[in-house]
Structures are given as C-alpha cells and as structure tokens.
Amino acid sequence: KGTSPAFSIHSEHPSGAEYASYLEAIASANELNVKTKTEVVSVRPIGKSPEHPLFSVEYRPAGASSSTDSESSTTTVTARYVVWAAGEFQYPSMSKINGDNTAEVKTAANGKTEIPGSELCMHNSEVRSWAELPGDEFIVIGGYESGVDAVGNLTKAGKKCQLLASTPTWS
C-alpha cells in the first residue's frame, strides 16, 4: 500500500482534518513509537568510534522553559542513527559544533533557534534507501508527513524507531 495521502484517502488536496486522520492512521497501523508535545534540546555523539556511532538525544515537554527544567522533565534517549525530518520547505534548522565541543547556535530565517548537535543528524532529504541505512536503532525528529513517512519506512525495513515531535500534528 502507498503512503501518499492522495493514494490513501483518495484526495489530491486533503483538508487539515483529512490529513490529521491520515497521519494518525499511519502511526497506528505501523504501531509507531511517537512522542508528541516534545522539544528536542540537544543531539550529542557518545559513541567511541565512527564505525559504531551512538548518539544521545535529549528532549523535554514542549513549552518547558530551560531555566525551570529539572532532571525529571528532561528525557534522554540513545540510538545509533538520528534522522532529521523537520524544517520548513525540507531544509532543517541546524547548528554547528566547534572543535572544542561548544555549540554555535544560530537563528534560522523563520526566527527559530537551531538545536545544538543538529549537524550530527542525517536530514531525510539525504536518504536514498531507508532499507539500506546501516544500523537498527533510529530516532526521527519531526512529526509531520516526512517524519511519519521516515518512521514507517524504517519500521518496514525492520529497524527500531522512536519519533519525537513538538506537536501532535494529527490531533
């Protein structure tokens, strides 16, 4: 079966409600591990070698202030690979890590602050074959169509995934 809204719901230009139902159905049918209402705080390399990458992704409830966050409101997950499936018009807001491990955080054209460590992620537009990606554990950042599509394709390829989204786009 296809994953295009046009194919699945028989509408070339679905309404917001139709699109929300489509995303919810994809997540449910594929039993996707989706965390909504989250904000990714950082992505850090914690692996010992390039041959065996490992990343730490820290996230918190969306809207939580960094000055009021406590250990209990921040969650850290790890994966061998991180897919960046967020960013207006297919281009992610990414930061740069300097040689001394300090983050150079920039403000994107849309006014949003870029996430430290985002340059360590693979943007979904760079993926040629989901099945051929090395590794078996992935974290996908972004809950709109490209994020849900990435998790669906990775899951079909037998990979373990977790999706982090700032908003429940299909609610």
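Worth saying up front: this structure is predicted, and the values here are computed from it rather than measured.

**Student:** Sorry if this is basic, but what is going on with the side chain of Q162 here?
**Tutor:** Within the fold, Q162 resides in strand β10 (residues 160-164). Excluding residues that lie within four positions of it along the chain, Q162 makes contacts with N33, K35, Y59, V77, F138, I139 and V140.

**Student:** Sorry, what's going on with the confidence of the model for the protein here?
**Tutor:** Atom-level detail of predicted coordinates should not be read off regions where pLDDT is low. Predicted confidence across the protein gives a mean pLDDT of 75, with 70% of residues reaching 70 or more. Of the regions scoring below 50 in pLDDT, residues 88-105 engages in 41 contacts with residues more than four places distant in sequence or in other chains.

**Student:** Explain the packing of aromatic side chains here, please?
**Tutor:** The way to describe two aromatic rings as a pair is by their centre distance and the angle between their planes. Evaluation of the coordinates by the stated rule reveals 1 aromatic pair. When the centroid spacing of 5.4 Å and the interplanar angle of 25° are considered together, the rings of Y81 and F138 count as stacked. Residue Y81 is located in strand β5 (residues 81-84), and its partner F138 is located in strand β9 (residues 137-141); the two are separated by 57 residues in the primary sequence.

**Student:** Where do I start with the nonpolar core in this structure?
**Tutor:** Taken as a class, soluble globular proteins show a tendency for nonpolar side chains to be buried jointly. Membership of the largest hydrophobic core comes to 19 residues, with the highest contact counts inside it found for W130, V140 and L154. Every element with two or more residues in this core is listed here: α2 (16-29), β9, α3 (145-156) and β10. Other than its neighbours up to four places away in sequence, W130 contacts V83, N124, A150, N153, L154, A157 and K159.

**Student:** How should I be thinking about the environment of F138 in this particular structure?
**Tutor:** Judged by relative accessible area, F138 falls into the buried class, the value being 3%. Taking C-alpha positions, F138 is 4.8 Å from C161, a pair spaced 23 residues apart along the chain. When sequence neighbours within four positions are dropped, the list of residues in contact with F138 reads A79, Y81, V83, L133, L154, K159, K160, C161 and Q162.

**Student:** Explain the sheet that holds strand β4 (residues 75-79) here, please?
**Tutor:** Strand-to-strand pairing in sheets goes through backbone hydrogen bonds, with the strands running parallel or antiparallel. The sheet built from 3 strands is open, its strands ordered β2-β3-β4 with antiparallel pairing. The open sheet terminates on both sides in strands that have one partner only, identified here as β2 (38-45) and β4. In this sheet, neighbouring strand axes are inclined to one another by 25° on average, regardless of whether the strands run parallel or antiparallel. Of the strand pairs in this sheet, β2 and strand β3 (residues 55-61) are connected by 7 bridges, and their pairing is antiparallel. Paired with S42 across the two strands is E58, which belongs to β3.

**Student:** It is not clear to me how α3 should be interpreted in this structure. Could you clarify?
**Tutor:** Since one α-helical turn is 3.6 residues long, residues separated by three or four positions face the same way. Taking 1.5 Å of rise per residue, the 12 residues of α3 would be expected to cover 16 Å, and the 16 Å separating its terminal C-alpha atoms lies within 8% of that figure. Restricting attention to buried positions, one finds in α3 the residues G147, V148, A150, V151, G152 and L154. The inward-facing, buried residues of α3 abut α2, β5, β9 and β10. Phi turns positive one or two residues past the end of α3, at G158, with a value near 80°.

**Student:** Please clarify how the pattern of salt bridges should be interpreted in this entry.
**Tutor:** Side chains that differ in sign of charge can pair as their charged atoms come close. Under the counting rule described, the total for this entry stands at 2 salt bridges. For the salt bridge of R60 with E39, the shortest nitrogen-to-oxygen distance reads 3.3 Å. Placement of R60 in strand β3 and of E39 in strand β2 is noted, with a sequence separation of 21 residues between them. The class for E39 is partly exposed, based on a relative accessible area of 30%. In this structure, the salt-bridge partner of R44 is E58, at a minimum N-O distance of 3.5 Å. Here the residue R44 occupies a position in strand β2, and E58 occupies one in strand β3, the gap between them amounting to 14 residues.

Cut-off values and rules
Residues numbered from 1 in each chain as written. Predicted model: local features only at pLDDT ≥ 70, side-chain atom pairs only at ≥ 80, totals over all residues. Heavy atoms only, no water. Helix = DSSP H or I, 4+ residues; strand = E, 2+ residues; numbered from the N terminus. Contact = heavy atoms within 4.5 Å. pLDDT = per-residue confidence, 0-100. Phe/Tyr/Trp six-rings, centres within 6.5 Å; stacked < 30°, edge-to-face > 60°. Core = buried A, V, L, I, M, F, W, Y, C linked by side-chain atoms within 4.5 Å. Buried < 20%, exposed > 50% of the residue type's maximum accessible area, 1.4 Å probe, protein only. Pairing = 2+ DSSP bridges. Axes fitted to C-alpha atoms, helices over the stretch in contact; angles between N-to-C directions. Expected span 1.5 Å × (residues − 1). Salt bridge = Lys/Arg side-chain N within 4 Å of Asp/Glu carboxyl O.

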